[in-house]
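Overview (structure and organization)
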Amino acid sequence: MPKMLKLSGESKDMTLDEIETFVKLARSADVPGDRPVYAEVSTSGKIKQLEIPLGESSERY
């Protein structure tokens, strides 16, 4: 199973600043820019959590 970078919002939903932090962490881990990002969203469409596979594999599981 590949290692994953996961980030959740401090509150129920993520803010733009938290999404920026996620992108910065992924870039610092040398994740390619074309790698898919997975998101858990609320029923209202707000982002609750983001995750991206680290390393060579782009597979989630």
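Quick look at the structure, then. (Residues numbered from 1 in each chain as written. Predicted model: local features only at pLDDT ≥ 70, side-chain atom pairs only at ≥ 80, totals over all residues. Heavy atoms only, no water.)

A look at the overall build of the protein chain
What counts is decided by this rule: Secondary structure counts use DSSP, requiring at least four H or I residues in a row for a helix and at least two E residues in a row for a strand, with both numbered from the N terminus. All radius of gyration figures rest on C-alpha atoms, and the globule criterion is 2.2 Å times the number of residues raised to 0.38. Contact definition: two residues touch when any of their heavy atoms are within 4.5 Å. Computed with the Shrake-Rupley method and a 1.4 Å probe, the accessible areas treat only the protein chains shown as cover for residues.
A count of helical and extended segments in the protein chain gives one helix and three strands. Helices and strands in the protein chain line up, N terminus first, as β-α-β-β. In terms of C-alpha radius of gyration, the protein chain reaches 12 Å, essentially the compact-globule figure of 10 Å for 61 residues. Seen along its three principal axes, the alpha-carbon backbone of the protein chain occupies a region of about 35 × 20 × 15 Å. Long-range pairs, those at least 24 residues apart, make up 47% of the contacts in the protein chain between residues at least 6 apart in sequence. Summed over its atoms, the accessible surface of the protein chain is roughly 4500 Å², and 52% of this surface lies on carbon and sulfur atoms.

Remarks on the nonpolar core
Put simply, the test is: For our purposes a nonpolar core is just a set of buried Ala, Val, Leu, Ile, Met, Phe, Trp, Tyr and Cys residues, chained together by side-chain atoms within 4.5 Å. The buried label applies to any residue whose accessible area, calculated with a 1.4 Å probe on protein chains only, is under 20% of its type's maximum; exposed applies above 50%, and partly exposed to all values in between.
Judged by nonpolar contacts, L5, M14, F22, A26, V31, L50 and I52 together constitute the single largest core of seven residues. Sorting the residues of this core by element identifies α1 (16-28) and β3 (47-53) as the ones contributing at least two each. With sequence-adjacent residues up to four places away left out, A26 is seen in contact with L5, V31 and I52.

Topic: the pattern of salt bridges
Convention followed: Salt bridges are counted wherever a side-chain nitrogen of Lys or Arg sits within 4 Å of a carboxyl oxygen of Asp or Glu.
Considering all chains together, one arrives at three salt bridges under this definition. Here E51 ties to K6 by a salt bridge, and the two come within 3.9 Å at their closest N and O atoms. With E51 in strand β3 and K6 in strand β1 (residues 4-8), this pair connects stretches of sequence that are 45 residues apart. With a relative accessible area of 3%, E51 lands in the buried category.

Re the side chain of Q49
Test applied: Pairs of N or O atoms are called polar contacts if they sit within 3.5 Å, as long as, within protein, a hydrogen donor faces a hydrogen acceptor (for residues adjacent in sequence, only side-chain-to-side-chain pairs).
Inspection of the secondary structure puts Q49 in strand β3. In terms of polar contacts, Q49 uses its side chain to reach the side chain of S8, at 3.2 Å. A polar contact is formed between the side chain of Q49 and the side chain of E51, at a distance of 3.3 Å. Sequence-distant contacts of Q49, defined by excluding residues within four places in its chain, comprise K6, L7, S8, M14, Y38, A39 and E40.

Note that every value here comes from positions in space, so none of it alone points to a role or purpose.
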